[in-house]
Protein chains: 2
Amino acid sequence: MEFSRKLQGAWEASGADLCVGLDPVIERMPAAIAGGLRPVLAFNKHVVDIVGDLVCAFKPQFAHHAAVGAETDLADTITYIHERFPKVVVILDGKRGDIGSTAEMYAREAFDRYDADAVTVNPYMGDDAVLPFLQRPDKAALVLCRNSNPSSALVQMALVDGKPLYEMIARRAEESWNRLRNVMLVVGATYPDDLARVRAAAPSLPFLVPGIGEQGGSPRAVALAGRRKDGRGLVVSASRSVLYAGSEAQIRQAAEAIHRELAEAPSAAAPLPHASEVL
Amino acid sequence: MEFSRKLQGAWEASGADLCVGLDPVIERMPAAIAGGLRPVLAFNKHVVDIVGDLVCAFKPQFAHHAAVGAETDLADTITYIHERFPKVVVILDGKRGDIGSTAEMYAREAFDRYDADAVTVNPYMGDDAVLPFLQRPDKAALVLCRNSNPSSALVQMALVDGKPLYEMIARRAEESWNRLRNVMLVVGATYPDDLARVRAAAPSLPFLVPGIGEQGGSPRAVALAGRRKDGRGLVVSASRSVLYAGSEAQIRQAAEAIHRELAEAPSAAAPLPHASEVL
């Protein structure tokens, strides 16, 4: 299935634009899971079971698996999500950033070895770092654009033709990279004004928006600044504030609270230039 | 041992500033290795045995291992290098680019799980993406600065205070990030003029310089533009032109040819502002 169709289906099935990041940390897991067999896989499945019907996407984070040698757990987690919630998009958060044949190896890793639907990609090395991930209509690249941490301004606010670098990335993604409708942008929740500028530069693209929850971004502000006129266009990600909320009931409540805030949030009314091309 | 001392020792032991990248591709290996047990590990050891005395560093490339599930081979390759050539620096080329606790996980992956001496890091997310890799004096971060591929200019030539972004990264690395003398910059071989500008902005830092060999950069031009006055300061990396040169003798000859060119290349005579602080 084309990535753009899968994402549309995931939004419809989940009733909101919530994504839960899977950042397993053994020291923070419930003791019964941390002390058992394959704790990383067990914890991921535990969370997937509790919140899977509320999310349009899961975002397993690569380093949290690789640091402890849990590649097999990562692969098995993704298989589990596909089987249990086949409409949910799986985003491998690896922020890959290399070129040429090496970028092709990273695409092979994300899409073939791990069977992710999408992978986060770093554009510091230019088009060459992005295009190898865009060769398959059923697989997407999520390109870092404007991140949620303050020091990212060091690079992302550099100027291209008098405008911030992140706006150039957004325009290029919209106008040049998106031929197979499989490009998304990563835009942090902590700067709603910048999110609105990215939306203006890339009116049709879906955005992954991390930075709510522990980082302090507001779901309502994000929805207002970032949604398209059709009310879609966002995948809003929370990780630790859900994963480590406590008991099963508390994890569920944490995810439901964000889901409700997102479902009830009004969308901006900015008109879309190409409504027929909206995902 | 401090990273800066290990690097100095590696330059002295090898007699030049050659690095060989380990980019194993099963389809390009000799048939006897490709068809045997653990071909990725066997090929890496084969190359390490042939050229280990000629190099100051080996640079195993992460994706070439991860795409085929060869993490154990990557770890065992690094162990093998440490045992067989203990003075040689091992750079894990993963171009990690995340922040906070996730960046700490990537540091744990590179330095603890794989026992690399150094890891390549992408600065698109700012200081927060670099500093977590600089907490240990025996472990280094190699920060992407000015890359060898044309489209990297899209980002790296954006302007900060009227100068290219890559120069700001170089100055920041020299002046702010290098407190433990464990920062290097990644500067491609294909733009010697830009390499000279990075050297002017970061007079004391060592640089990793990929882009000779198949990408066409000249060892002599790189040495002239990039070396410090002490004749050191570079780690010049070749990968495919050595790895896939053919027979054992041909691999050895390919590495020796670059080693000789580098050993015979004159260095620039630009004075160093802080000669006492040179590594």
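Q: If you had to explain the overall build of chain A to someone new, which residues and values would you point to?
A: For chain A, the helix and strand inventory stands at 13 helices and 10 strands. Radius of gyration (C-alpha) of chain A: 18 Å, near the 19 Å computed for a compact globule of 279 residues. Along the first, second and third principal axes, the C-alpha atoms of chain A reach 55 × 45 × 35 Å. Here the analysis covers contacts within chain A between residues at least 6 apart in sequence; of these, 73% occur between residues at least 24 apart.

Q: Give me the relation of the copies chain A and chain B: which residues, what numbers.
A: Overlaying chain A with chain B gives an RMSD of 0.0 Å, the required rotation being 180 degrees about an axis along which the chain moves by 0.0 Å. Both copies of the chain, as the preceding transformation shows, are related through a two-fold rotation axis. No C-alpha of chain A lies nearer the rotation axis than that of A:L159, which sits 2.4 Å from it. Both copies share a contact surface, since 100% of the interface residues of chain A are interface residues in chain B too.

Q: Break down the environment of A:L7 for me, citing the residues and quoting the values.
A: Residues and elements named next belong to chain A. Summarising the element assignment, L7 is placed in helix α1 (residues 3-14). C-beta crowding within 10 Å serves as the criterion here: with 27 such atoms nearby, L7 is assigned to the buried category. For the pair L7 and I212, spaced 205 residues apart in sequence, the C-alpha separation works out to 21 Å.

Q: Now, about helix α11 (residues 219-226) of chain B: what can you tell me, with residues and values included?
A: Those residues of α11(B) not exposed but buried are B:P219, B:V222, B:A223, B:A225 and B:G226. Among the structural elements, β8 (183-187), α10 (192-201), β9 (207-210), β10 (234-238) and α13 (248-264) of chain B are those in contact with the buried residues of α11(B).

Q: Run through the pairing of strand β1 (residues 18-22) of chain A, naming residues and quoting values.
A: Residues and elements named next belong to chain A. Burial analysis of β1 places five of its five residues in the buried class, which makes it a mostly covered element. Where β1 lies against strand β10 (residues 234-238), three bridges are found, and the strand directions are parallel. If you follow C19 over to β10, its bridge partner there is S237. Here β1 runs beside strand β2 (residues 57-60); their pairing, made up of four bridges, is parallel. Bridge pairing links V20 to F58 in β2.

Q: Could you give me a rundown of the packing of helix α9 (residues 165-177) of chain B against α10(B), with the residues and numbers involved?
A: Residues and elements named next belong to chain B. One way to put it is that α9 packs onto α10 with a least axis distance of 8 Å and a crossing angle of 35 degrees. Considering only the axes of α9 and α10, their crossing is right-handed. Along its contact with α9, which presents Y166, E167, A170, R171 and E174, the element α10 presents R197, V198 and A201. The class makeup of the residues in the contact of α9 with α10 is four nonpolar, no polar and four charged.

Q: Go over the sheet that holds β9(B), please, and point to the residues and values.
A: All names here are of chain B. Spatial ordering of the closed barrel is given by β1-β2-β3-β4-β5-β8-β9-β10, a layout of eight strands whose pairing is parallel. Geometrically, the sheet is characterised by an average inter-axis angle of 30 degrees between neighbouring strands, direction not taken into account. Running over the sheet, α11 touches β8, β9 and β10 and is turned about 160 degrees from β10.

Q: Account for the interface of chain A and chain B, naming residues and giving values.
A: The partner chain B presents 36 residues to the 36 residues of chain A that form the contact. Mapped by element, the contributors of at least two residues to the side of chain A that touches chain B are α4 (62-66), α6 (100-113), α7 (127-130), α8 (153-156) and β6 (159-160) of chain A. Top contributing element to the side of chain A that touches chain B by residue count: α6(A), with six residues.

Q: Tell me about the sheet that holds strand β5 (residues 140-146) of chain A, residues and numbers included.
A: Sheet strands line up and pair through hydrogen bonds in the backbone, either parallel or antiparallel. All names here are of chain A. On the basis of which strands lie adjacent, the closed barrel formed by eight strands has the order β1-β2-β3-β4-β5-β8-β9-β10 and parallel pairing. Here the strands of the sheet are splayed against their neighbours by 30 degrees on average, with no regard to which way each runs. Its contacts with the sheet put α1 on β1, β2, β3 (89-96), β4 (118-121) and β5, and the angle it makes with β3 is roughly 120 degrees.

Q: Outline the pairing of β9(B), supporting the account with residue identities and numerical values.
A: Successive residues of a regular strand alternate their side chains across the two faces of the sheet. All names here are of chain B. Of the two faces of β9, the one carrying F207 and V209 and the one carrying L208 and P210 are both buried. Sheet topology places β8 next to β9; two bridges connect them, and they run parallel. Following the sheet pairing, L185 is matched in β9 by F207. Crossover β8 to β9 through α10 is right-handed. Across four bridges, β9 lies against β10 in parallel orientation. Counterpart to P210 in the pairing with β10 is S237. In this fold, β9 hands off to α11, which returns the chain to β10; that crossover is right-handed.

Q: Describe the nonpolar core, naming the residues involved and giving the relevant values.
A: Counting 202 residues, the largest nonpolar core has A:V143, A:L185, B:V143 and B:L185 as the members making the most contacts within it. If near-sequence neighbours (up to four positions away) are discounted, B:L185 is found in contact with B:V143, B:C145, B:A170, B:A173, B:V198, B:A202, B:L205 and B:F207.

Q: If you had to explain the confidence of the model for chain A to someone new, which residues and values would you point to?
A: The share of residues in chain A with pLDDT of 70 or more is 96%, and the mean pLDDT across the chain is 94. Across the interfaces of the predicted complex, the ipTM metric reaches 0.95, alongside a pTM of 0.95.

Q: If you had to explain the packing of α11(B) against α13(B) to someone new, which residues and values would you point to?
A: All names here are of chain B. Between α11 and α13, the least distance of the axes is 9 Å, while the angle of their chain directions is 35 degrees. For the crossing formed where α11 meets α13, the hand is right-handed. For the pair α11 and α13, the contacting residues are P219, R220 and A223 in the first and I258, E261 and L262 in the second. Within the contact of α11 with α13, the residues separate by chemical class into four nonpolar, no polar and two charged.

Q: Quick rundown of unusual backbone geometry? Include the residues and the values.
A: The residue A:K95 is not glycine, and still its phi comes out positive at about 50 degrees. Inspection of the secondary structure puts A:K95 in strand β3.

Q: Residues and numbers for the environment of A:H64, please.
A: One can find A:H64 in helix α4. On the basis of neighbour count, A:H64 is assigned to the buried category, with 26 C-beta atoms found within 10 Å. The spacing of A:H64 and A:I26 is 38 residues in sequence and 9.5 Å in space, taken between C-alpha atoms. Excluding anything up to four places from it in sequence, A:H64 contacts A:D23, A:P24, A:V25 and B:M105.

Q: Explain helix α3 (residues 39-51) of chain A to me, using residue names and the numbers behind them.
A: The α-helix winds at 3.6 residues per turn, so residues separated by three or four positions along the chain end up facing the same way. With 13 residues, α3(A) extends 18 Å between its outermost C-alpha atoms, agreeing within 8% with the 18 Å of an ideal straight helix rising 1.5 Å per residue. Most of α3(A) sits out of view: 10 of its 13 residues are buried.

Cut-offs used in this document
- Residues numbered from 1 in each chain as written.
- Chains lettered and ligands numbered in written order.
- Predicted model: local features only at pLDDT ≥ 70, side-chain atom pairs only at ≥ 80, totals over all residues.
- Helix = DSSP H or I, 4+ residues; strand = E, 2+ residues; numbered from the N terminus.
- Rg over C-alpha atoms; globule rule 2.2 N^0.38 Å.
- Contact = placed C-beta atoms within 7 Å.
- Least-squares fit on C-alpha atoms with pLDDT ≥ 70 in both.
- Buried ≥ 20, exposed ≤ 12 C-beta atoms within 10 Å, placed from the backbone.
- Pairing = 2+ DSSP bridges.
- Axes fitted to C-alpha atoms, helices over the stretch in contact; angles between N-to-C directions.
- Left-handed = near helix turned anticlockwise from the far one by under 90°.
- Nonpolar A, V, L, I, M, F, W, Y, C, P; charged D, E, K, R; others polar.
- Right-handed = clockwise from strand over helix to strand, strands pointing away.
- Core = buried A, V, L, I, M, F, W, Y, C linked by C-beta atoms within 7 Å.
- pLDDT = per-residue confidence, 0-100.
- Expected span 1.5 Å × (residues − 1).

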